[in-house]
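Survey of secondary and tertiary structure
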Amino acid sequence: MALTTEQMMLVEQRVTNEKKSAGLAYLLWFFLPAFGAHRFYLGSTGVGVAQLLLFWLGLFSSVILIGFFLLAVWGIWVLVDAFLIPGLVDRDVMERRQRIGLDVGLAAPA
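Below or above, wherever it landed, is the structure these notes cover.

The rules behind these values
Residues numbered from 1 in each chain as written. Predicted model: local features only at pLDDT ≥ 70, side-chain atom pairs only at ≥ 80, totals over all residues. Heavy atoms only, no water. Salt bridge = Lys/Arg side-chain N within 4 Å of Asp/Glu carboxyl O. Helix = DSSP H or I, 4+ residues; strand = E, 2+ residues; numbered from the N terminus. Buried < 20%, exposed > 50% of the residue type's maximum accessible area, 1.4 Å probe, protein only. Polar contact = N/O pair within 3.5 Å; in protein donor to acceptor, adjacent residues only side chain to side chain. Contact = heavy atoms within 4.5 Å. Axes fitted to C-alpha atoms, helices over the stretch in contact; angles between N-to-C directions. Parallel < 35°, antiparallel > 145°, perpendicular 65-115°, else oblique. Left-handed = near helix turned anticlockwise from the far one by under 90°. Nonpolar A, V, L, I, M, F, W, Y, C, P; charged D, E, K, R; others polar. Patch = residues over 30% accessible without salt bridge, like charges linked within 9 Å, V, L, I, M, F, W, Y side chains within 5 Å. Areas by Shrake-Rupley, 256 points an atom, 1.4 Å probe, with all protein chains shown as cover. Core = buried A, V, L, I, M, F, W, Y, C linked by side-chain atoms within 4.5 Å. Phe/Tyr/Trp six-rings, centres within 6.5 Å; stacked < 30°, edge-to-face > 60°.

Attention shifts here to the pattern of salt bridges. Evaluation of the coordinates by the stated rule reveals seven salt bridges. A salt bridge links Glu18 to Arg96; its shortest N-O distance comes to 3.3 Å. Taken together, the residues span a long stretch of sequence, with Glu18 in helix 1 (residues 5–18) and Arg96 in helix 5 (residues 66–107) at a distance of 78 residues. Using a relative accessible area of 28% as the deciding quantity, one classes Glu18 as partly exposed. For Arg96, a relative accessible area of 16% gives the class buried. Taken together, the shared-partner salt bridges in this structure form one network comprising Arg14, Glu18, Asp92, Arg96 and Arg99.

Positionally, Arg39 belongs in helix 3 (residues 37–41). Judged by its relative accessible area of 7%, Arg39 falls in the buried class. Within the structure, the side chain of Arg39 is placed 2.7 Å from the side chain of Asp81, a separation counted as a polar contact. Apart from the residues lying within four places of it in its own chain, the contact partners of Arg39 are Ser44, Thr45, Val47, Gly48, Gln51, Trp77, Asp81, Leu84 and Leu88.

Take the packing of helix 2 (residues 22–31) against helix 5 next. Close contact between helix 2 and helix 5 brings their axes to 10 Å; oriented N to C, the two are set at 165°. The pairing of helix 2 with helix 5 is recorded here as roughly antiparallel in orientation. For helix 2 against helix 5, the interelement crossing comes out right-handed. The residues of helix 5 that touch helix 2, namely those facing Ala22, Ala25, Tyr26 and Trp29, are Val78, Asp81, Ala82, Ile85, Pro86 and Val89. Counted by class, the contact of helix 2 with helix 5 contains nine nonpolar, no polar and one charged residues.

Before going further, it helps to spend a moment on a nonpolar patch on the surface. A contiguous nonpolar patch, built from Leu24, Leu27, Phe30, Phe31, Leu32 and Phe35 and spanning about 620 Å² of accessible area, is present on the exposed surface. By secondary structure assignment, the location of Phe31 is in helix 2.

Attention shifts here to the nonpolar core. If you look at the biggest cluster of nonpolar residues, it comprises 16 residues, and the most contacted ones within it are Ala25, Trp29, Tyr41, Leu42, Phe55, Trp74 and Ile85. Counting residues per element, the ones that place at least two in this core are helix 2, helix 3, helix 4 (45–60) and helix 5. If you tally residues by element for this core, the top one is helix 5, at seven residues. Leave out the neighbours within four places in its chain, and Ile85 touches Ala22, Ala25, Tyr26, Trp29, His38 and Leu42.

Counting across every chain of the model gives six aromatic pairs. With 4.6 Å between their ring centres and 55° between their planes, Phe55 and Trp74 make a pair best called tilted. Residue Phe55 is located in helix 4, and its partner Trp74 is located in helix 5; the two are separated by 19 residues in the primary sequence. Summarising the burial analysis for this pair, Phe55 and Trp74 share the class buried. Three or more aromatic residues link up through ring pairs in this structure, and these residues are Phe35, Phe55, Trp56, Phe60 and Trp74.

Right under this line is the structure:
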């Protein structure tokens, strides 16, 4: 079922209002990387937990030297995330657009 122009405008307005901020994601990435805060903010909870655990396990196991390897992996992962943030924000926008479009389409009177 195709959406009317009014419904499409409503969808875009709601998407804009609920959109995640790339700027805030970068601030979280810069100031709270040890907590994976940028991933939690962008809705990637599993990846955020993995980054959180990798950092803290690496930090605490650095006394037995294996931790330095874990910290290196974590550091590379967080550095790569700097380039992935715009794509993650775009993915979030597309998912919201689809979800809100379905909501608006289903709520429309027949």
